[in-house]
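Read off the chains here:
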Amino acid sequence: MTENVIRGYLILGCLDYIDSLGEASRDRIHSTLPSGLSDRAAYDKMLWYPLSTISALYSGIAQLHDGDEAKAFATLRGCGMFIAESATNTFLKLLMRVMTPSVFASKAPNIWTRDNRYGRMETELLGPREMAVHLRGVADYAHVGPVVAGFGSFAMGAVGAKDLDVKVSPWSLADSSPPDVRIVMTWS
């Protein structure tokens, strides 16, 4: 296995999300992609694929909103939530019901390591209802901040966090893949 790879289920989940956006959006995104990149038959959910594949898909999603950063962020975060929900099987849903946000925070880096062979994730509890997620060494992972924020938003909601507020920095359409990203989540 080479470095800079991600699990196939992330790609398949992203392709399903793109389909959920409607035909016009799907066609627009697919028109930005290299030939064959969106062929579902090319992917197995448990195998490893180049990081550039998912980065191209995320970039296609970000381009849907013609420079509107707030809309691009919301759509990318929605992609992360969609992938997380799709990947959560019945057993994991039951397990998440008995987890607390702090227990999930301690387990999140293991989830990252299971699905990514690029960069690393660290978490820290900043207070009783506040957590920071640090993504380190992710310079080539386009739009990973908003997508991970979405993945985390789904998971934190599933473990009981209410009124979740999420901030990602740095991230912008102009700087879509900074080397390090900080995601701060607060909840009630």
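Structural data are supplied above this passage.
Residues numbered from 1 in each chain as written. Predicted model: local features only at pLDDT ≥ 70, side-chain atom pairs only at ≥ 80, totals over all residues. Heavy atoms only, no water.

Colleague: Account for the environment of M121, with residues named and values stated.
Modeller: Its place among the elements puts M121 in strand β3 (residues 120–127). Judged by its relative accessible area of 13%, M121 falls in the buried class. For the pair M121 and T75, spaced 46 residues apart in sequence, the C-alpha separation works out to 22 Å. In this structure M121 touches A108, P109, W112, V133, H134, L135 and V148, once residues within four positions along its chain are discounted. (Helix = DSSP H or I, 4+ residues; strand = E, 2+ residues; numbered from the N terminus. Buried < 20%, exposed > 50% of the residue type's maximum accessible area, 1.4 Å probe, protein only. Contact = heavy atoms within 4.5 Å.)

Colleague: Provide a residue-level description of the packing of aromatic side chains, including the pertinent values.
Modeller: Evaluated as defined, the whole model comprises five aromatic pairs. Put simply, the rings of W112, Y118 and Y141 pair up and form one aromatic cluster. (Phe/Tyr/Trp six-rings, centres within 6.5 Å; stacked < 30°, edge-to-face > 60°.)

Colleague: Help me get a handle on the packing of helix α4 (residues 69–87) against helix α7 (residues 144–158), residues and values and all.
Modeller: α7 packs onto α4 with a crossing angle of 50° between their chain directions and a minimal axis gap of 6 Å. Between α4 and α7, the interaxial angle falls into the category oblique. With respect to the hand of their crossing, α4 and α7 are arranged in right-handed fashion. Here F73, L76, R77, G80, M81, I83, A84 and E85 of α4 lie close against α7, whose contacting residues are P146, V147, A149, G150, F151, S153 and F154. Residue composition of the contact of α4 with α7, grouped by class: 10 nonpolar, three polar and two charged. (Axes fitted to C-alpha atoms, helices over the stretch in contact; angles between N-to-C directions. Parallel < 35°, antiparallel > 145°, perpendicular 65-115°, else oblique. Left-handed = near helix turned anticlockwise from the far one by under 90°. Nonpolar A, V, L, I, M, F, W, Y, C, P; charged D, E, K, R; others polar.)

Colleague: Give a detailed account of the nonpolar core, specifying residues and quantitative values.
Modeller: In summary, soluble globular proteins display a tendency toward joint burial of nonpolar side chains. Judged by nonpolar contacts, the single largest core of 54 residues is most densely connected at C14, I54, L57, Y58, L135, Y141 and I183. Looking at which element gives the most residues to this core, the answer is helix α1 (residues 8–20), with eight residues. Residues contacting Y58, with those up to four places away along its chain left out, are C14, L76, C79, I83, Y141, A142, H143 and V147. (Core = buried A, V, L, I, M, F, W, Y, C linked by side-chain atoms within 4.5 Å.)

Bear in mind that shape data such as this cannot, by itself, settle questions of function.
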